[in-house]
Each structure stands twice: as structure tokens, then as C-alpha cells.
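Structural characterization, general
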Amino acid sequence: MFETQILNFCQSKHYKGIMPRAALIDMDGTLYDSMGNHARAWHRMITELGIEATPEEFYLYEGRTGASTINILFQRAYGRDATPDEVKELYHRKTVYFSELPAVKPMPGALELMNLFKDMGIIRVLVTGSGQRTLIDRLEADFPGIFTPELMICGNDVIHGKPHPEPFIKAMQRARVSPSAAIAVENAPLGVESACRAGAFPVAVTTGPIPVKCFEDAGAGIIFSSMPEAARQMPVLLLDMLTTRLES
Ligand code: CA
């Protein structure tokens, strides 16, 4: 059913096939329905500085580190990057505003998908640009037995955030798998781009307002319209990966 998409990706990466051994999982917008709150918190913090911004634009920065997002806005408003002290202070303020909003819920279907990976013996690695403990600390309660602290790549673990490939490269190193043995689950175009550049097969899940075309352009191997759909189709996708090989 997904042979064509798998073969297209293998061709682009010069892989003979994909042997899925690790799943690299994004957090915001993938495991948690948190992007609305993030956008609101960013928008409040930035507009209080007197910088004009729309809440929607923060969906497009999704996946970037806090510093990277702040610098985009600083460059636009002041023509310079923020200083390290400014980044620290402003990201902290955004984090406080986020924590004041109503608690976010796990994305429907996310637990089913994570349990499926676990039951199939697939290693799970969290790959998030976030440094916010609010959600990271909830993972064990909401997704019991899925993640371990050593298999998490967070905003503070990387120099370059998504769309740079570093977060996913580090995740694969931690899991000790090669790129042709990894799939990534992502809801943001920058995350899909990061995974694709790292060589992991990007499964895009469109849980927000961003059009499908943006995910295609970012290099998505396959696009699902929701996490429940991703959970439903994943067994077929994984099976197809095991049986699909590029003829050489
Ligand atoms: Ca995300």
C-alpha cells in the first residue's frame, strides 16, 4: 500500500530499503495538542516587547529552538540577533506565559501509536526543540513506559535546532541506529525537513493549520491527516518497509 512512497524515499537517499528499528518522536503538536498554547504564549511575549507579530506565524517556526525563534523576530524588528541574556530572559517569560494557560492534553491517537512502537520492539527517542519542563516532565505520566531520560534530545542538547539535521542525527546516535533504520514522526514542516536531511524516513502528521503542500516540499515520506490515522496505518507502513526493496 505504501510501497511507492517507500521506494521514492529510498531512491532519494540511495538506500536499498528501510529496516525500521527506531522511531524518533516529536513532542509539541505530535504527542501533545500544545501548539495553540505555544503560539499564544509566544505572541503575548513578543507583542509586549512592541514587536508586531501574528499568533499564526509561530506555527511556521515550530521546531526551532527558543533562541532561533527569538532571533527571527529580533532580526525583523531591530536588524540584529538577541544577546544571550535577552534570549534567556525572553524564553523564560514565554515559558511562564505558556504555563499560565490551561493545561494541554495528549494528542488523541498518540498513546496508541507509541504503544504500537513499543509492542513491536521499536526503540522510541523523543526529539524536541522544546526546553520546557512543563511537558517533558509529564511524559512518563501520559505515556507510561515509552520514553527514558537517556533517549531524549531536547532544545538544550543541540547547537542547531530543526530544520538543521542535528537533532535527528543525535537521536539516531543515542539509539545506535543508522538512518535507514529510523522513522521520524513530525507535525511541522521544519521538523520534517530536519528528519529528511538526517536521513530518517519522515512521517508527517498534519495536526495543525499548515497546508499539506508545505510538508511535501519539506520532504515528507508520507503524510497522515491525524494521529489516530497514523496509529491505524502504521502497522501497514512498517510491514511494507520490511518487504520493500529497491532493485539494484
Ligand atoms: Ca512539533
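This text gives an overview of the structure that appears in the document.

Reading the values: the criteria
- Residues numbered from 1 in each chain as written.
- Predicted model: local features only at pLDDT ≥ 70, side-chain atom pairs only at ≥ 80, totals over all residues.
- Heavy atoms only, no water.
- Phe/Tyr/Trp six-rings, centres within 6.5 Å; stacked < 30°, edge-to-face > 60°.
- Buried < 20%, exposed > 50% of the residue type's maximum accessible area, 1.4 Å probe, protein only.
- Lys NZ or Arg CZ within 6 Å of the ring centre and 35° of its normal.
- Core = buried A, V, L, I, M, F, W, Y, C linked by side-chain atoms within 4.5 Å.
- Helix = DSSP H or I, 4+ residues; strand = E, 2+ residues; numbered from the N terminus.
- Domains from an automatic or database assignment.
- Pairing = 2+ DSSP bridges.
- Expected span 1.5 Å × (residues − 1).
- Arc of directions from axis to C-beta.
- Contact = heavy atoms within 4.5 Å.
- Patch = residues over 30% accessible without salt bridge, like charges linked within 9 Å, V, L, I, M, F, W, Y side chains within 5 Å.
- Areas by Shrake-Rupley, 256 points an atom, 1.4 Å probe, with all protein chains shown as cover.
- Salt bridge = Lys/Arg side-chain N within 4 Å of Asp/Glu carboxyl O.
- Polar contact = N/O pair within 3.5 Å; in protein donor to acceptor, adjacent residues only side chain to side chain.

So, about the packing of aromatic side chains. Across all of its chains, the model carries eight aromatic pairs by this definition. An angle of 85° between the planes, with centres 5.8 Å apart, marks the rings of Phe-58 and Tyr-61 as edge-to-face. For Tyr-61, a relative accessible area of 13% gives the class buried. The rings of Trp-42, Phe-58, Tyr-61 and Tyr-91 are connected pair by pair, giving a single aromatic cluster. Above the plane of the ring of Tyr-97 lies Arg-44, whose end atom (NZ or CZ) is 3.6 Å from the centre.

All right, on to the nonpolar core then. Residues Leu-31, Leu-113, Phe-117, Leu-139 and Leu-237 are the most contacted members of the largest nonpolar core, which totals 70 residues. With seven residues, the top contributor of residues to this core is helix H12 (residues 227-243). Mapping this core onto the domain boundaries places at least three of its residues in each of domain 1 (3-34 + 107-243) and domain 2 (35-100). One finds Ala-22, Ala-171, Met-172 and Ala-198 within the second-largest nonpolar core, a separate group that totals 18 residues.

This paragraph deals with the pairing of strand S4 (residues 182-186). Strand residues, when the strand is regular, have side chains that alternate between the two faces of the sheet. In terms of residue burial, S4 counts as a mostly covered element, since five of its five residues are buried. Relative to S4, strand S1 (residues 22-25) runs parallel, the two sharing four bridges. The partner of Ala-23 across the bridge, within S4, is Ile-183.

End to end, helix H5 (residues 84-100) covers 25 Å across 17 residues, agreeing with the expected 24 Å (1.5 Å per residue, within 8%). Burial in H5 covers these residues: Val-87, Leu-90, Tyr-91, Lys-94, Thr-95, Tyr-97 and Phe-98. Down the axis of H5, the buried set is contained in an arc of 160°. They therefore lie on one face. With respect to the buried face of H5, the exposed residues turned more than 90 degrees away are Asp-85, Lys-88, His-92 and Glu-100. Buried residues in H5 make contact with helix H2 (35-48), helix H4 (66-78) and helix H7 (133-136).

With that settled, the discussion passes to a nonpolar patch on the surface. Taken together, the side chains of Met-19, Leu-239 and Leu-242 make up a nonpolar region of the molecular surface, amounting to roughly 280 Å² of accessible area. Relative to the helices and strands, Met-19 resides in the loop between helix H1 (3-13) and S1. On the accessibility criterion, Met-19 (40% relative accessible area) is partly exposed.

The next thing to look at is the environment of Arg-64. With respect to the element layout, Arg-64 can be found in the loop between helix H3 (57-60) and H4. For the pair Arg-64 and Lys-162, spaced 98 residues apart in sequence, the C-alpha to C-alpha distance is 5.3 Å. Discounting chain neighbours no more than four positions away, the residues touching Arg-64 are Thr-69, Ile-72, Gly-129, Lys-162, Pro-163 and Leu-190. Side chain to side chain, Arg-64 and Ser-68 meet in a polar contact 3.2 Å long.

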